[in-house]
Amino acid sequence: MEHVRRAYGSIAALYIDLFGAEDKVHADDLALIRRHLTGRPGPVLDLGCGPGHLTACLRSHGAEAIGVDLTPEFVDHARATYPDGDYRLGSLTGIAFPEASVTGILAWYSTIHLPPPELDAVLASFHRLLVPGGRLVIGFFTGDEPGPFDHKVTTAYRWPPGEMAARLAAAGFTEVERLLRADDPAHRPHGAIAATAGP
């Protein structure tokens, strides 16, 4: 993931300006995130938190949210912008939290740069982190089949929603809600799935 860290670090200021605020997030997405990741006790990890705005959103709705990102520029911005928050450097492929220690995980576009062979191991690590019944919300780009595309930062991957759901099921999750949004002039097709961790 070092190339991803370098790529985001090189455009961090622009990214923060374009995307780093709650009002830049679609209202339907915010509602989905709040619906599944607030209102229950215990830590919620925002993995790949970027500038930290969704971590702050969760905290403002009572969640014990912790933001984790591998890009130092994003973590520094989040700590400065949301000084009451908890933001830490870390990677999806080496999450420094004990097993069964969190009640929720937000992975909002944070898995999009993982090549398909690496996704299953990361989803399994999410499952290990969650308590039984804990909730995962994952956002991703959709497509008719899994495959790479030229993302503006670095190579990213699309997933058919059914394929993503199948991989979540293989990792021990049960889907509880799905949100899909078609392509428009400003955005690629988007999907989000909320899922519960089985025992």
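Coordinates for the structure precede this section.
This is a predicted model, so every value here is computed, not measured.

Chemist: Before we move on, could you go through helix 3 (residues 27-37) and cite the residues and values that matter?
Modeler: Those residues of helix 3 not exposed but buried are Asp29, Leu30, Leu32, Ile33, His36 and Leu37. The buried residues of helix 3 occupy an angular sector of 160° when projected down its axis, which confines them to one face. Following helix 3 by one or two positions, Gly39 has its phi on the positive side, about 85°.

Chemist: Residues and numbers for the sheet that holds strand 4 (residues 102-108), please.
Modeler: A sheet is described by the order of its strands in space; here seven strands give the open sequence 3-2-1-4-5-9-8, paired in mixed fashion. What marks the edges here is a single partner per strand, and that holds for strand 3 (87-89) and strand 8 (173-181). Taken pair by pair, the neighbouring strands of this sheet meet at an average axis angle of 15°, ignoring direction. As defined by bridge partners, strand 1 (residues 43-47) adjoins strand 4 across three bridges and the pair is classed as parallel. From the neighbouring strand, Asp46 faces strand 4, where its bridge partner is Leu106. The strands touched by helix 3 within the sheet are strand 1, strand 4, strand 5 (130-141), strand 8 and strand 9 (190-197), with strand 8 carrying the most contacts at an inclination of about 165°. Along the sheet, helix 7 (residues 161-170) makes contact with strand 5, strand 8 and strand 9, crossing strand 8 at roughly 160°.

Chemist: How would you summarise the side chain of Asp69 if you had to cite specific residues and measurements?
Modeler: For Asp69, the position within the fold is in strand 2 (residues 64-69). For Asp69, a relative accessible area of 5% puts it in the buried group. Side-chain polar atoms of Asp69 contact the backbone nitrogen of Cys49, separated by 3.2 Å. Residues within four places of Asp69 in sequence aside, it is in contact with Gly48, Cys49, Gly50, Phe74, Val75, Arg88, Leu89 and Gly90.

Parameters at a glance
- Residues numbered from 1 in each chain as written.
- Predicted model: local features only at pLDDT ≥ 70, side-chain atom pairs only at ≥ 80, totals over all residues.
- Heavy atoms only, no water.
- Buried < 20%, exposed > 50% of the residue type's maximum accessible area, 1.4 Å probe, protein only.
- Helix = DSSP H or I, 4+ residues; strand = E, 2+ residues; numbered from the N terminus.
- Arc of directions from axis to C-beta.
- Pairing = 2+ DSSP bridges.
- Axes fitted to C-alpha atoms, helices over the stretch in contact; angles between N-to-C directions.
- Contact = heavy atoms within 4.5 Å.
- Polar contact = N/O pair within 3.5 Å; in protein donor to acceptor, adjacent residues only side chain to side chain.

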